[in-house]
Amino acid sequence: MNYVTGVTTFHMDRPSAVSLGKFDGLHRGHRKLIGHVLAQKQKGLIPVIFTFEKNPTRMIQGLSGQNIMTNEERRLLLEQMGVEELLECPFVPEISHMEPEIFVREVLVGQLHTAFVAVGADFRFGYGRKGDSELLKVLGEQYGFSVEVVEKEKSHGRDISSTYVREALYEGNIPLANALLGYRYFVRGEVLHGRQIGRTLGLPTTNLLPSVQKLLPPNGVYLTRTFLEEGDYYGITNIGYKPTVGGETHKGVETFLFDYQGDLYGQTIQVEFIEFERPEQKFNSLEELKARILSDVYWGKSKICVKS
């Protein structure tokens, strides 16, 4: 996949099929939309996703500017889906202040040679969000590209949206979030050195420090599945600040892998979340902490047996 970021001008060497949006989470609705773009490969069009380096700041139940996935996580998933061009445009005034028709004429037609556009029914674009799917259809007829308006996917009587997914994550409802996404919510990153308290207890862990812009589920213990270079392993993961051992200033993701022995420092891993067990707790001693972790391990392994 060709990945372009940090610039506001683009060039395609042949006609393209484009979808535009924030694509935070790449949930089932996004995937349905992208599927219509990928189908245009049969007609010789380049599948293109046009999005932004950073999504505009939002306020969701007191959470400001946090996204379901990082830009790097989004890039990896789009590449796996078969997208050939990912254009991450900076959200800067020369783009955000473009009138809808100017954006279509100068970017979609002039730079991307767009022949097909797929958008959702609630799609808005251009300065002040003045443009919508109906205007896009009119401009498509004027400038020579076709427009397909794709209906929303639904779950539990609601449109599937990034907001719906964020609500589920905020509540710790991992099964619902995963059902809306169409895959397991995950955290991806490089394994860092921690305080090695887990190793002292005979329960070595991996430590990730996600970006503060990454929306994490509530602090607590979860059943997870971690993907390494050499394979994948179930485990239990704690999200939080490790209050028993003095606390951290940055919220971390700490995982104990079942039946794994090895050194993962410096390796990039992906931790997929399956189910919430309990909130993060502060214990009176390391012995109490170890006993509770062993109980968590027993819970996690019993869940795996049920699922298998």
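Residues numbered from 1 in each chain as written. Predicted model: local features only at pLDDT ≥ 70, side-chain atom pairs only at ≥ 80, totals over all residues. Heavy atoms only, no water.

1. Remarks on the side chain of S133
1) Next: Here S133 lies in helix 5 (residues 133-143).
2) Next: Beyond its immediate chain neighbours, meaning those up to four positions away, S133 contacts V119, G120, A121, F123 and V149. (Helix = DSSP H or I, 4+ residues; strand = E, 2+ residues; numbered from the N terminus. Contact = heavy atoms within 4.5 Å.)

2. Regarding the sheet that holds strand 3 (residues 46-52)
1) Next: Pairing in this open sheet of six strands is parallel, and the strands run 1-6-3-2-7-10 from one edge to the other. The open sheet has two edge strands with one neighbour each: strand 1 (2-5) and strand 10 (146-150). Ignoring strand direction, the axes of neighbouring strands in this sheet form an average angle of 20 degrees.
2) Next: For strand 2 (residues 16-20) and strand 3, the ladder comprises five bridges, and the chain directions are parallel. (Pairing = 2+ DSSP bridges. Axes fitted to C-alpha atoms, helices over the stretch in contact; angles between N-to-C directions.)

3. Overview of the packing of helix 4 (residues 100-109) against helix 5
When two helices pack together, you describe them by how their axes are tilted relative to each other and by the distance separating the axes.
1) Next: Across the interface, helix 4 lies against helix 5 with an axial gap of 11 Å and an inter-helix angle of 50 degrees. Taken together, helix 4 and helix 5 sit at an angle that is classed as oblique. At the point where helix 4 passes helix 5, the crossing takes the right-handed sense. Facing helix 4, whose interface residues are P100, E101, V104, R105, L108 and V109, helix 5 presents L135, L136, L139, Q142 and Y143.
2) Next: When grouped by side-chain class, the residues that make up the contact of helix 4 with helix 5 number eight nonpolar, one polar and two charged. (Parallel < 35°, antiparallel > 145°, perpendicular 65-115°, else oblique. Left-handed = near helix turned anticlockwise from the far one by under 90°. Nonpolar A, V, L, I, M, F, W, Y, C, P; charged D, E, K, R; others polar.)

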